[in-house]
Amino acid sequence: VAKFGQVFGFEMRRASRELHGNDEWNRTFGQVFELWARDVAVRTHAAAKPTWAVDVSEKIGDMDELEDVVLRADTRVALISAKSRLMPGDLATATADPAVAVGWYDSLLFFEGDRAHRRGALRLLDDRVRRIREGRAHVASRSRIYPVLLTFERLGDSPILHQWVAKRCGETGILQQDDVARPTFLSASEYEHLLAAGATGVDP
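Just so you know, these numbers come straight off a predicted model, no measurement behind them.

Conventions we followed
- Position numbers for residues start from 1 in each chain and track the written sequence from start to end.
- Local features in a predicted model are, by the rule used here, given only for residues with pLDDT of at least 70; side-chain atom pairs are given and counted only at 80 or more, and totals for whole chains, interfaces and linings are based on all residues.
- As a rule here, side-chain values cover all heavy atoms of the structure and leave hydrogens and water aside.
- Only strands joined by at least two bridges in the DSSP assignment are considered to pair.
- Going along the chain from the N terminus, every DSSP run of H or I of four or more residues is numbered as a helix, and every run of E of two or more is numbered as a strand.
- Axes here refer to lines fitted to C-alpha atoms; in helices the fit is confined to the stretch in contact. Angles between the N-to-C directions go from 0 to 180 degrees.
- Between two residues, a contact is recorded if the distance between any of their heavy atoms is within 4.5 Å.
- On a scale of 0 to 100, pLDDT captures the predictor's confidence in every residue.
- Counted as salt bridges are all cases of a side-chain nitrogen of Lys or Arg within 4 Å of a carboxyl oxygen of Asp or Glu.
- The buried label applies to any residue whose accessible area, calculated with a 1.4 Å probe on protein chains only, is under 20% of its type's maximum; exposed applies above 50%, and partly exposed to all values in between.
- Take the buried Ala, Val, Leu, Ile, Met, Phe, Trp, Tyr and Cys residues and link them wherever side-chain atoms come within 4.5 Å; each set so joined is a nonpolar core.

## Section: the sheet that holds strand β3 (residues 76-83)
Reading across the sheet, the 5 strands line up as β1-β2-β3-β4-β5 and stay open at both edges, with mixed pairing between neighbours. The open sheet has two free edges, formed respectively by β1 (53-55) and β5 (184-187), since each of these has just one partner strand. Strand-to-strand twist across the sheet, computed as the mean angle between neighbouring axes with direction ignored, equals 25 degrees. Two strands pair when backbone bridges link them, and strand β2 (residues 69-73) and β3 are joined in this way by 5 bridges, in the antiparallel orientation. Within the sheet, the bridge partner assigned to V69 lies in β3 and is I80. Sheet strands touched by helix α7 (residues 188-199): β2, β3, β4 (144-151) and β5. Its angle to β5, the strand with the most contacts, is close to 100 degrees.

## Brief notes about the confidence of the model for the chain
Residues with a pLDDT of 70 or more make up 86% of the chain, whose mean pLDDT is 86. Summarising per-element confidence for the chain, the mean pLDDT is lowest in helix α1 (residues 2-20) (58) and highest in β4 (97). Counted against residues more than four places away or in other chains, residues 1-6, with its pLDDT under 50, gives 0 contacts.

## A look at the side chain of S143
Of note, S143 is situated in the loop between α5 (121-133) and β4. If we ignore the near neighbours within four places in the chain, the residues touching S143 are T75, V77, R133 and D179.

## Some points on the pattern of salt bridges
Under the counting rule described, the total for this entry stands at 15 salt bridges. Of the charged contacts in the structure, one is a salt bridge between D179 and R144, with a shortest N-O distance of 3.2 Å. Highlighted residues: D179 in the loop between α6 (159-172) and β5 and R144 in strand β4, separated in sequence by 35 residues. The shortest N-O distance in the salt bridge between R154 and E190 comes to 3.2 Å. Taken together, the positions of R154 in the loop between β4 and α6 and E190 in helix α7 put the pair 36 residues apart, joining distant regions of the chain. Take R154: its relative accessible area is 51%, and that puts it in the exposed class.

## Examining unusual backbone geometry
At D74, a residue that is not glycine, the phi angle is positive and equals roughly 55 degrees. With respect to the element layout, D74 can be found in the loop between β2 and β3. Residue classification places D74 among the exposed positions, given a relative accessible area of 75%. With a phi close to 55 degrees, L175 is a non-glycine residue in the positive phi region. Within the secondary structure layout, L175 lies in the loop between α6 and β5. The exposure class assigned to L175 is buried, which follows from its relative accessible area of 7%.

## Some points on the pairing of β3
Burial runs high along β3: 7 of the 8 residues are buried. The sheet contact formed by β3 and β4 spans 8 bridges and is parallel. Bridge pairing in β4 links S81 to L149.

## Remarks on the nonpolar core
Ranked by internal contacts, the top residues of the largest apolar core, which has 29 residues, are L79, L109, L122, L155 and V165. Breaking this core down by element, the ones donating at least two residues are β3, α4 (98-110), α5, β4 and α6. If you tally residues by element for this core, the top one is α4, at 6 residues. Counting 18 residues, the second largest nonpolar core, distinct from the first, contains A37, W52, V69 and A188.

See below:
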């Protein structure tokens, strides 16, 4: 079944790209992934009635949307940003040139943005943190903030990656505010496990 799903997904993507180019597939896949992340959080919370709260906007991209999924507990808040960008095959199999790998991570996390592409994921999360600190959000401005990047697949999580991310955040001034945790990376499966634990009473 898993193999069939991979082949079917590949064929659907290929057909979409032949008809519409890359943009339509990427945009649609991104919206579906975000809707899935919101649905998992809302359904888990509704089923378990835990002590933490879930905030999602009524529609994707609403003016009142702080982040794709927001978890709140007392004076703590997790900002979960769902990004569907897939890792190139040579990166996933660790066969890419190191400079190419660093360039891909830098683009995903720290890109400054242009007319065709949005800013990097951690820059966008930093924008959300600044919005909270300036009192322009529906959570307390002095909350302890946990920035979380949710990706469809694992990013190759390792101490080396986190050390590099911390170094780049320091160089760029991103997520350097007081009482802001270092960025957390979650794959889709890890996100499901986190919320499942939360449903049993564990504080995410």
